[in-house]
Every structure is written in structure tokens, then in C-alpha cells.
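Results of the structural survey
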Amino acid sequence: MNNLNQKNCIHHNRELTYFCESCEEPICKLCTTLGPHNYNLHRINSLQEAFKMRVEHIKQEILHNILPKRDEIFAQINRIEYRIQEIKYVKNIIERDCRAEMNGIEDRLSQAESMKQTILQHQIQVIQSDLDEMNDLAIQFFNLTKKNDYLEFLFDSQSLLDRIEFLIAKPYNKGIDEIPDDLPRELTDLRLLLGKMEGQQEMLEILNEIIWRMINERKHEEELSLQILKRHSENEIKEWQKLVEFFTEQLKESEMICYFCNEPLNIQTINKSCKKNKDHTPENFVGYTIEKPTDQQIGTKRHFYGHALLQAKMPKLQEETKKLPSAVIIEGIMSKIKVRMQDKEINLMGIFQEHDNDKNGFVNEIIFNYIMQEHLQLIDEEIENIVMFMDCKSDINYNILFNMLKSTNLIQQMESDLVQKYRPPKSKKRTPSQN
């Protein structure tokens, strides 16, 4: 209810005594029976119960969410204030270092300037003494000439000439060795060093780029070598698998069973008596082997071993063929794949070709399972039925899958070929082996 001062129901003008949890508003008793808040359609609580529920809920929210978050905010404010103090402290240290450095620069500049001033002042003093001597000589000469005392002048003339000759002969430095350009310019030197450092930094970045490329090329070569080694290893394993399958087939062809009891020839049964080799055999008994025992061998309670008839292996064949998925199951899975490819606009062939590193139309079972689960959302049982039906021993030819998607006749033909494969081969007649 938007109006907090309203105490009566807007529908029935009755006192508000209940609370509709579904609509989140207080209601009267008639609302629960006459509507619009019917018990059958809405969840109804008393005002007190609704009040307790919301108080408890808000209390829990404040205790478990608001208060911890408030503490986190306080902690964050403290961290920020501490960081501000850190920045001020570091700034003061840098400012102090700058002032100390600037004072040092100014002191060194003042020292250099003072040294030049001292040297130049000394030079001035030296040549000033010569200048004073010349001025004194000129004053003495003019004073003697003004007196018109010939004798005094003649007596002093020789000393004047000696002083004149001395001053004329005395050398003095006409150049100024001290110049302002060699005053220390540490800031300018620092800027030049920084400029050189920038150039060196660019050179280091170029070197890093070269090293990075060399590492990547080396890594690419290692990956290529590993791929080649892996491919050779897989080919070697396939060859060994072929040998195992070949010798397994040869072994199956040489398997022998008892004519009377269908027991296989092995270490456990070879020296045991045959319970079904009795004096007389039933007239309709045809035995389990191609080879037939002689009359002397019947009733000896010993095994007579030979190569199995097709019917002797039929129970095993039936058990194995029951595990094979039927064409109906495969057609249902193919229909599901078609629908999902169309709905999601999946380029399934492109996805398989992207994972086909050798570009030979084959992917391993791990990649096949990943594509079926990730892009088509098939379950493990459906994927296992597809793989079993395609009869792929190691790598999977995904072109067979696309042929199956196109043709139901192909699926039926594959089912027939698969069942035929599980039938045992016809054995050639051999000399019977008897215990």
C-alpha cells in the first residue's frame, strides 16, 4: 500500500489484518475469501507473522551483509588515508632530496664562480700595481718639469729613464684565461644524460624484441619437432596395434573347443575329464566342432578338441551384437545433430577441419568427443554409440560422420557390415587335437 496512513482495505473498507506474501501488501479478512487475494492462489500471513519475518530477514541482511560491508568500507577508507600519508611522506623525502641536490648544485656553482673571481681579482691587482707605478712616474715627471730646477731634473732623469725602461720591458698577460662557459652546468648535463638514457632504452627495447623473436622461433622449432616426434610415435603405435590385431585374429582362428561340452582348450581344462562324453550321445546331438570324434573316442569321458562351428560361437556373437547401436538409434542421433546444426548455424565441417592439424580427414577420439559435447551438446552415451557404429579403432574419420548425416541407406549398410564383422571367420579343416 502506498498510503501509510490508510488503515482500511481499499476493496472492502475493512481493517487490514492479514498480509499477502504473493502481492506484498496488507489485506483484510474478506480479501482472503472474496478476493482478490484468495487462499488458494496467494500465500497469506498475519500482519504479526509478516512483520516478524521481515524484521528477521532485514536483521539478518544487516548483520551478515551490511555490517561486514560497512567494516570493509571503513577499512578501505583507512587504507586510502594511509596511502595519502605515504604519498605525502615520499613526496617530502623527494622534495628534501631535491632541495639538498639543488643546494649542492648551487654550492658547487658558487665555489666555481668564487674561484674564477679570485683569480681575476688577483690579475687585476697585479696589473693595477703596474698602472699605479706608471701614474706615479708621470706625476713625478710633471712635478720635476714644473720646478724649472735643471740640476734636480738632471739628477733624477736617469732614475726616471730606468723606471720607464722597466715598465716598458715588464710583460703582462693580455688574455683572460677564465671564461664563464666552463662554469658547472649540472642540470644541463643531467638532461643530456637522460636523453642518452632514452636512446639506450630504445636500444634495449630493440634488443628485447630481437631476443623475444629468437625465443619464439626457438619455441616454434621445438613445437614442430615435438609434433614430428609425436606423429612418428603415433604411427609406430598404430603399426604395433595392427600387428597385435593380426596376431589376435590368428590366435582366434587357432582356438579349439571340446566337441561334447564346448569347453575351450586351455591349461585348466586340458587334463580334466569331459562330463558330457558319455557312452551314448543323443541322436540329435551334432557337436560343437567341425571335426567329429570316432566311435572309439565316444564314451571315454575325455575331451575331444576341434575347431568351432559357427553355431558354437553364436551365443558370444549375439552377446556382442546386442552391445552394438542399431541403425534406428544412430538415425535418431543424426537427426538431433542436424537440428542443432541448423538452429545454431554450426559449421561442423569447418570446426573439424580447424582441429585437423594433419589435414587428412582424421581427428583423435578426445577431439571428436570435445566437438560433439561443446558444439552439439551430445551426451557421452550418444557419442560412444556414434564411435562404435563408425567402427574407428584409433583416429576417427569425420567424413564418415558427414556421409551418415546425408544418407540413411549408408547407415543401414554400415549396420549390416558391422554385424557381419563380429561374426567369427570360417575355419579351415585341420587335424583334430585330442587330450
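Now for a description of the structure that goes with this document. Because the structure is predicted, anything quoted here is derived from the model rather than measured.

Assigned secondary structure in the protein chain consists of 11 helices and 8 strands. The proportion of buried residues among the 435 residues of the protein chain is 20%. Counting only contacts in the protein chain whose residues sit at least 6 apart along the sequence, the fraction spanning at least 24 positions is 61%. When the accessible surface of the protein chain is totalled, it reaches about 33200 Å², and 56% of it is carbon and sulfur.

We now examine the pattern of salt bridges. Taken as a whole and judged by the stated rule, the model has 19 salt bridges. As a salt-bridge pair, Lys91 and Glu95 come within 3.4 Å of each other at their nearest N and O atoms. With a gap of 4 residues between them, Lys91 and Glu95 both fall in helix 2 (residues 47-147), about one helical turn apart. Measuring nitrogen to oxygen at the nearest pair gives 2.6 Å for the salt bridge that ties Lys116 to Asp182. Of this pair, Lys116 sits in helix 2 while Asp182 sits in the loop between helix 3 (150-169) and helix 4 (186-253), and the two are 66 residues apart along the sequence. With relative accessibility at 12%, the residue Lys116 sits in the buried group. One salt-bridge network, held together by shared partners, links Glu21, Glu24 and Arg54.

A few words on the nonpolar core. One broad rule of soluble globular proteins: the nonpolar side chains tend to lie buried together. Met334, Ile337, Leu348, Phe352, Phe368 and Met372 are the most contacted members of the largest nonpolar core, which has 29 residues in total. Taken together, the elements giving at least two residues each to this core come down to helix 6 (327-344), helix 7 (348-355), helix 8 (365-376), helix 9 (380-390), helix 10 (398-406) and helix 11 (408-421). Beyond its immediate chain neighbours, meaning those up to four positions away, Leu348 contacts Ile337, Met341, Ile371, Met372, Leu376, Leu401 and Phe402. If you look at the next biggest cluster of nonpolar residues, it comprises 8 residues, including Cys258, Tyr259, Cys274 and Phe304.

Turning to helix 8, a few remarks are in order. A rise of 1.5 Å per residue sets the reference length of helix 8, with its 12 residues, at 16 Å; its end C-alpha atoms lie 16 Å apart and thus fit the reference within 8%. Of all the positions in helix 8, only Phe368, Ile371, Met372 and Leu376 are classed as buried. The buried residues of helix 8 occupy an angular sector of 95° when projected down its axis, which confines them to one face. Buried positions along helix 8 lie against helix 6, helix 7, strand 6 (362-363), helix 9, strand 7 (396-397) and helix 10. Just downstream of helix 8, Gln377 is the residue with a positive phi angle, here 55°.

Here we come to the packing of helix 8 against helix 9. Contact geometry for helix 8 and helix 9: axes closest at 10 Å, N-to-C directions at 135°. With respect to helix 9, the element helix 8 is oriented oblique. Helix-helix and strand crossings are classified by hand; for helix 8 and helix 9 the assignment is right-handed. Two secondary-structure elements touch here, helix 8 through Glu365, Phe368, Asn369, Met372 and Gln373 and helix 9 through Asp380, Ile383, Ile386, Val387 and Met390. For the contact of helix 8 with helix 9, the class distribution of residues is 6 nonpolar, 2 polar and 2 charged.

Pairing within the open sheet is antiparallel, and its 3 strands lie in the order 2-1-3. A strand with exactly one partner marks an edge of an open sheet, and here the two such strands are strand 2 (25-27) and strand 3 (44-46). Between one strand axis and the next, the sheet turns through 40° on average, direction left out of account. Pairing of strand 1 (residues 18-20) with strand 2, which is carried by 3 bridges, proceeds in the antiparallel orientation. Opposite Cys20, over in strand 2, you have Glu25 as the bridge partner.

What counts and how
Throughout, residues of each chain are indexed from 1 in the direction in which the sequence is written. Only residues with pLDDT of 70 or above have their local features reported here, since the model is predicted, and side-chain atom pairs are shown and tallied only from 80 upward, although totals for entire chains, interfaces and linings are computed over all residues. Hydrogens are left out, water is left out, and the side-chain values use all remaining heavy atoms of the structure. Secondary structure elements are taken from DSSP: a helix is a run of H or I of four residues or more, a strand is a run of E of two residues or more, and numbering for both begins at the N terminus. Type-normalised accessible area, obtained with a 1.4 Å probe on protein chains alone, sets the label of each residue: buried when under 20%, exposed when over 50%, and partly exposed for intermediate values. Whether two residues touch is decided by their heavy atoms; if any such pair falls within 4.5 Å, the residues are in contact. Using a 1.4 Å probe, accessible areas were evaluated by the Shrake-Rupley method; residue-level cover was limited to the displayed protein chains. Salt bridges are identified by distance alone: a Lys or Arg side-chain nitrogen within 4 Å of an Asp or Glu carboxyl oxygen. What makes a nonpolar core is a set of buried Ala, Val, Leu, Ile, Met, Phe, Trp, Tyr and Cys residues whose side-chain atoms join them at distances within 4.5 Å. To estimate how far a helix should reach, multiply one less than its number of residues by 1.5 Å. An arc is given here, and it is the one of the directions from the helix axis to the C-beta atoms. Here, axes are lines fitted to C-alpha atoms. For helices the fit covers the stretch in contact, and angles between N-to-C directions go from 0 to 180 degrees. An angle counts as roughly parallel when it lies under 35 degrees, as roughly antiparallel when it exceeds 145, as roughly perpendicular when it falls between 65 and 115, and as oblique in every other case. Handedness of each helix crossing follows the sense of rotation of the near helix against the far helix: counterclockwise by less than a right angle gives left-handed, clockwise gives right-handed. Residues are grouped as follows: Ala, Val, Leu, Ile, Met, Phe, Trp, Tyr, Cys and Pro are nonpolar; Asp, Glu, Lys and Arg are charged; all remaining types, including Gly, are polar. Here the rule is simple: two strands pair whenever DSSP picks up at least two bridges between them.

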